[in-house]
Each structure stands twice: as structure tokens, then as C-alpha cells.
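Architecture at a glance
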Amino acid sequence: MTQQGAALQGYNNELVKCIEDLCMQKEELNKEIQQAEEEKNKLQHEIQVLNEQLECVCENLAQKVASRNELDKILAETEAAYMKILDSSRTLLTVLKKELGSLKHMPELKTN
């Protein structure tokens, strides 16, 4: 029975060692899990900050595009009005030159 007791004691020692190894592996895995969770939380926070920054940039960009579109509209209207002024000026100059030409050919008015 001594041999059986010794064998049982040997099995017990190996079993305790295996259990201790498993406990150490579990502790190491717990540390890795905790580090991974901390990294995950850090990354999620950074994503949230970047999403907020992206939202601000998008809003700012939309405002600038709307302003540019309004300026494009004003510029187009101004250019069209300026072209009308140029056309009217050219017409006025043509009429004025014609009138001056007519005056040169008119006989002078006699005064009494």
C-alpha cells in the first residue's frame, strides 16, 4: 500500500503543479485581457474624438461651400449686369457719334 500511497502522492503533486500552471496561465491571460480592454477603450475614445472633429470639419466645409455658391451667384449676376452696362455704353457712344456727325452737316442757324 505504500507504493500506492507514493503513486497517489506523485499524482497529487503533478495535479497540484498542473493546477498552479493553469492558474498562472489564467492570471497572465487576465492581464492580457485587461490590457486589450484598456487599448480598446483608448481607441474608442480616440474614434469618438475624431468623429466629433470630422463632424465639425464637415459642418465648416458645408458652410464654406454654401458661401462660395452664393458668391458664384452674386459674381454671375454682377458680370451679367456689367455686360449690359458695356452694351448700353457702346450703344450710347454709337448714337452720340451719329448725332455729332449729323450736327456737322447741319447748316448753321441764323440769328436775327
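About the thresholds
Residues numbered from 1 in each chain as written. Predicted model: local features only at pLDDT ≥ 70, side-chain atom pairs only at ≥ 80, totals over all residues. Heavy atoms only, no water. UniProt positions renumbered as here; feature names shortened; annotations may be inferred. Helix = DSSP H or I, 4+ residues; strand = E, 2+ residues; numbered from the N terminus. Patch = residues over 30% accessible without salt bridge, like charges linked within 9 Å, V, L, I, M, F, W, Y side chains within 5 Å. Areas by Shrake-Rupley, 256 points an atom, 1.4 Å probe, with all protein chains shown as cover. Salt bridge = Lys/Arg side-chain N within 4 Å of Asp/Glu carboxyl O.

1. Thoughts on the UniProt feature "coiled-coil region" (unreviewed entry) in the protein chain
When the UniProt feature table is mapped onto this chain, "coiled-coil region" (unreviewed entry) is found at residues 12-60. End C-alpha to end C-alpha, residues 12-60 measures 71 Å, and it is 100% helix and 0% strand.

2. What about a nonpolar patch on the surface?
Where nonpolar side chains cluster on the molecular surface, the patch consists of Y82, M83, I85 and L86 and spans about 420 Å² of accessible area. Mapped onto the elements, M83 comes out in helix 1 (residues 2-104).

3. Here we look at the pattern of salt bridges
If you walk through the whole model with that rule in mind, you get 2 salt bridges. Put simply, K17 and D21 hold a salt bridge, and the shortest N to O gap is 3.4 Å. Here K17 pairs with D21, and both are found in helix 1, just 4 residues apart, close to one helical turn. Salt-bridge contacts for R90 lead to D87; the nearest nitrogen and oxygen are separated by 2.7 Å. Here the residue R90 and the residue D87 both occupy positions in helix 1, the gap between them amounting to 3 residues, near one helical turn.

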